[in-house]
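Architecture and fold: a report
Here's the letter readout for the chains.
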Amino acid sequence: MNAPTGLADSVRASVVRIGAPPEGYDGSSGGGASGGRGDGVSGIAQPLAGRRSFWGSGFFVAPGWVLTCAHVVGKGASSVWRGERAIGITIGDDAQSTVLLGELAFGLPLPADPEQPEARWPFPDLALVRVPDAQDVDCLWLSDRSALTPASVGLYGWVPGPERGEQMFFTGLATATGVRGRPLMLSGDELTEGCSGGPVLDERRGAVLGLSKGKGSRPHTGVATRVTALRQLCDAGPRGARVLHEVLSSHDRYHLRRYHGFGHSWYRQHARLGPLGGEPAYGFTVDRRAELYALFAEVEPPASAGQVLQLANEARDMVLRLPYTLNEHDPRSWREGAGLLYEPRDGDAPAAEPSPDLALEAVVVYAGKVTAALTRSGAAGTPRSARALADLRAWVERTGHTLHNDVIRARIPSLLESHRPASAARANVLVEVEPDIYGSGRHAWRVLLVRSADKDELLAGDDGADETAEEGEREESIVDQSREEVPRSRLEEAVRGALSQALDQCDVDEHLAAVEFLLPRALFDEPVDEWRVRPYDPDDPFNPHAVPLGQRRLVVVRDRSRRDHGYTPEARTRATAVLGGPMEAVPLRREVPVAGHGASAPEGGQAAYGRLLAAPPGAVPVYCARAGSGPGARAMAAALGAGHAVALWRHSCSDQHDHDDCEEFHERAAALLRQVHSARQLPQEIRALRNTNADLGDGGSWESWDTEGATGVNSAPIDHPAAWARHIVLLYDPPHRTIGDEPLREPPLMPRQSTALRSTS
């Protein structure tokens, strides 16, 4: 292990003890122990009656900010989760310790009952504590890379001492391993009670990779939360994103000040590591890193992970041209985009890393693209932001002059003056659900990013691109997939996190990603258009991340069976016809438009297949009821067998007698198809109809509103001419070729065993 000399002493100054506030805190004033400003109290604080004084560990990541585990501060019960200044932060050793008061700024996940939290706190188990009086403190350096394992790591924290009420500083060594999107697995020195929330530090690079969470199920093992899990604050809503940006900005400003000042500096520590710590003599060196990240801290944060990935990938393609993709990452800050470029590969294969020259070129190009993107977006609207953007531009110009590559150096001025959006391929999202092939009543799933060089026309997304190809080659990359199958009732909940991450990566500039649901036919009536990326919040009913998917985005259904068995010549012929237009309606069930669902002589399956096969190439089957079960499912199977690539139906109406507008539905669907020139416009038209019919009582979405006499979100009556289209579903399944198919799961051989985790605090 290449552990730098004195590393433990440098870390120790930043690691704090977390516990109950000092004696005399009344939980209401928000001030210090005496109800004043909250000044520090010398010595060891005495606990409030009935509370443990020591809860666990944490560490400073920026002046006034402590990072720890949610289960550590959760021991303070309701007062902590109300945001009161009810957390005691002990800085220093016993002889010269100071206790300051902190308040929970953000914690994930929230406990169902703060007074009786769960024994095993779910991941990510993170908490950011604001400590206003802790400005002159030592702070650790957070990794700017998404994955750094396997790695030799140091474990740090405070543990109970031999005497009651005392704590000792703990240091340990371990190896951290893990896969993307999962916790770090630790093997080595065993975590001790009280270590939860302490830092897990990469000993080679001197960077925080995560924080200790608990012991593993076997001796000498443990589990840690990756520091990149802080990105989930962005998924929790705008307030979480603001807190994360504030913390990271303060973090990078602090480390630049320390680098330019006297005393210990983690950037200087990195420089002393030299080649053993991955620090080159030339390239994106620590001084350049310190300055650039502090400049990033002053400008507007990225709008999404997709914006960072797009600019980083463009810089990589211009300079590095290495055979790997950055799409598997989920960066939420500009600094992380740079981190992906100067050391994008991890592990012990230095030959695979880009040379220092190429790494610096890629980072300078990336920073230039960030500058141009912020300029285009109007981020220089205030004097302060204009000055910050000018400083970032000056860094790009100044550092660009030092590049060894004449070609790249010559492109920097034009790159900074670029007024066009980045031209990377647009991406959309595919949610794939596997059939219940084992009769367990459960389904596997995965969420993928989809790009198409041939511009399969739904992949035009929502930015108005002119698409012409009815068939294309699609490149798919997995964002996440199920570890275990889930029942249908839990699909939305299970998929939500991965779907949110995928959409954040795809929404770039003016491109709003579309969502395709590749479903088994038994799930054709699953109301995926009503799924939400984030739970509904009655206090923020029109949050764009919490409205139903189908009201904001283009949402369509594809047929899983076709994915498995391929597209027939009939399907290709019909896809070409409907994409080129014109279209016309054909009833999915012949007798329903006139006789309804109680017809005395319903059409048989073979007759339906023959009729639908003989329908004109531009015909679109329409049906007023469900198509995932009953007679509608049998007729839909005939339509798909006959090659139809587009169909319309309603997922909320049964084929019994729960509706009486069968004829109206078929007539109005036929009028819609005549009005729309091509199937390419149908996703936009269907979204408009969904918004017109967004009822106040749908799915409990608007229960807190006064619905008396109103059935629309603007408290106006439903637009009756469009009421026929409530809960409408669009099958949109033109042929395509896919790169990267793979099975979702294998047959279950035995029940899965859950991994036991024990808290160490």
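First things first, this report covers the structure right here in the doc.

As for the overall build of the chain
When helices and strands are counted, the chain shows 21 helices and 26 strands. For the chain, the proportion of contacts with a sequence separation of at least 24, taken over those separated by at least 6, is 75%. Roughly 31,300 Å² of accessible area belongs to the chain as shown, and the carbon and sulfur atoms make up 50% of that amount.

Remarks on the pattern of salt bridges
A side chain with one charge can pair with a side chain of the opposite charge if their charged atoms come near. Applying the stated criterion to the full structure yields 38 salt bridges. Residue R332 pairs with D235 through a salt bridge whose shortest N-O separation is 3.0 Å. Of this pair, R332 sits in the loop between α8 (305-319) and α9 (334-342) while D235 is found in helix α4 (residues 232-235), placing the two residues 97 residues apart along the sequence. Taking the shortest distance from any N to any O, the salt bridge between R650 and D661 comes out at 2.8 Å. Highlighted residues: R650 in strand β23 (residues 646-650) and D661 in the loop between β23 and α20 (662-675), separated in sequence by eleven residues. We note that R650, like D661, is buried. By sharing partners, the salt bridges in this structure join E432, R446, E476, R560, R563 and D564 into a single network.

Some remarks on the pairing of strand β13 (residues 221-226)
Among the six residues in β13, six count as buried, and that is most of the element. Here five bridges tie strand β12 (residues 207-215) to β13, and the two strands are oriented antiparallel to one another. Residue pairing in the sheet places K215 in a bridge with G222 of β13. Connecting β12 to the next strand, β13, in antiparallel fashion are five residues, including H220 with a positive phi near 60°.

Considerations on the nonpolar core
Core analysis: the largest hydrophobic core is formed by 103 residues, its most contacted members being I89 and Y366. Those residues in contact with Y366 that sit more than four places away from it in its chain are F296, V308, L311, A312, A315, S333, W334, G337, A338 and L341. Formed by 76 residues, the second largest nonpolar core is a distinct cluster that contains L449, V533, L672 and W724.

Some details on α9
In terms of residue burial, α9 counts as a mostly covered element, since nine of its nine residues are buried. Turning to α9, its buried residues are W334, R335, E336, G337, A338, G339, L340, L341 and Y342. As for α9, its buried residues are in contact with α5 (238-260), α7 (286-296), α8 and α10 (356-376).

Observations concerning unusual backbone geometry
With an omega of -10°, the peptide bond between L108 and P109 qualifies as cis. In this chain, F123 is followed by P124 through a cis amide linkage whose omega measures 10°. Within the fold, P124 resides in the loop between β6 (98-108) and β7 (126-130). Of note in this structure, A77 is not a glycine but carries a positive phi near 65°. By secondary structure assignment, the location of A77 is in the loop between α2 (70-73) and α3 (78-81). With phi around 55°, D125 is a residue other than glycine that occupies positive phi space. Following the sequence through the fold, D125 ends up in the loop between β6 and β7. For D125, a relative accessible area of 0% translates into the label buried.

Digging into the packing of aromatic side chains
The full count for this structure, using the stated rule, is eleven aromatic pairs. Ring geometry for W141 against Y267: centres 5.8 Å apart, planes inclined by 65°, an arrangement best described as edge-to-face. Here Y267 lies in helix α6 (residues 266-273) and W141 lies in the loop between β7 and β8 (151-160), a separation of 126 residues in the sequence. The residues W141 and Y267 share a single accessibility class, namely buried. Ring geometry for Y259 versus Y267: centroids 6.1 Å apart, planes at 80°, classification edge-to-face. Using a relative accessible area of 22% as the deciding quantity, one classes Y259 as partly exposed. Residue class for Y267 comes out buried when judged on its relative accessible area of 0%. Three or more aromatic residues joined by ring pairs make a cluster, and in this case those are W141, Y259 and Y267. The lysine or arginine in question, K213, covers the ring of F123, its NZ or CZ lying 4.9 Å from the ring centre.

Regarding helix α13 (residues 491-506)
Under the 1.5 Å per step criterion, the end-to-end length of α13 is 22 Å for 16 residues, consistent within 8% with the ideal 22 Å. Of all the bends in α13, the largest measures some 40° and sits at G497. Within α13 the residues assigned to the buried category are L491, V495, A498, L499, S500, Q501, A502, L503, D504, Q505 and C506.

Some remarks on the pairing of β6
Side chains on a regular strand alternate between the two faces of the sheet. The buried count for β6 comes to ten of eleven residues, which makes it a mostly enclosed element. Pairing geometry for strand β5 (residues 87-91) and β6, over five bridges, is antiparallel. Opposite T90, over in β6, you have V99 as the bridge partner. In the sheet, β6 pairs with β7 via five bridges, with the strands oriented antiparallel. Opposite G107, over in β7, you have A127 as the bridge partner.

Structural notes on the packing of α10 against helix α12 (residues 406-416)
Where α10 contacts α12, the axes come no closer than 9 Å and their chain directions differ by 10°. Here α10 lies roughly parallel to α12, going by the angle between them. Handedness of the crossing formed by α10 with α12: right-handed. Contacts between α10 and α12 involve E361, V364, V365, G368, K369, T371 and A372 on the former and, on the latter, I408, I412, L415 and L416. Among the residues forming the contact of α10 with α12, the class breakdown is seven nonpolar, two polar and two charged.

Conventions we followed
Residues numbered from 1 in each chain as written. Predicted model: local features only at pLDDT ≥ 70, side-chain atom pairs only at ≥ 80, totals over all residues. Heavy atoms only, no water. Helix = DSSP H or I, 4+ residues; strand = E, 2+ residues; numbered from the N terminus. Contact = heavy atoms within 4.5 Å. Areas by Shrake-Rupley, 256 points an atom, 1.4 Å probe, with all protein chains shown as cover. Salt bridge = Lys/Arg side-chain N within 4 Å of Asp/Glu carboxyl O. Buried < 20%, exposed > 50% of the residue type's maximum accessible area, 1.4 Å probe, protein only. Pairing = 2+ DSSP bridges. Core = buried A, V, L, I, M, F, W, Y, C linked by side-chain atoms within 4.5 Å. Phe/Tyr/Trp six-rings, centres within 6.5 Å; stacked < 30°, edge-to-face > 60°. Lys NZ or Arg CZ within 6 Å of the ring centre and 35° of its normal. Expected span 1.5 Å × (residues − 1). Bend = angle between axes of the 7 residues up to and from the residue. Axes fitted to C-alpha atoms, helices over the stretch in contact; angles between N-to-C directions. Parallel < 35°, antiparallel > 145°, perpendicular 65-115°, else oblique. Left-handed = near helix turned anticlockwise from the far one by under 90°. Nonpolar A, V, L, I, M, F, W, Y, C, P; charged D, E, K, R; others polar.

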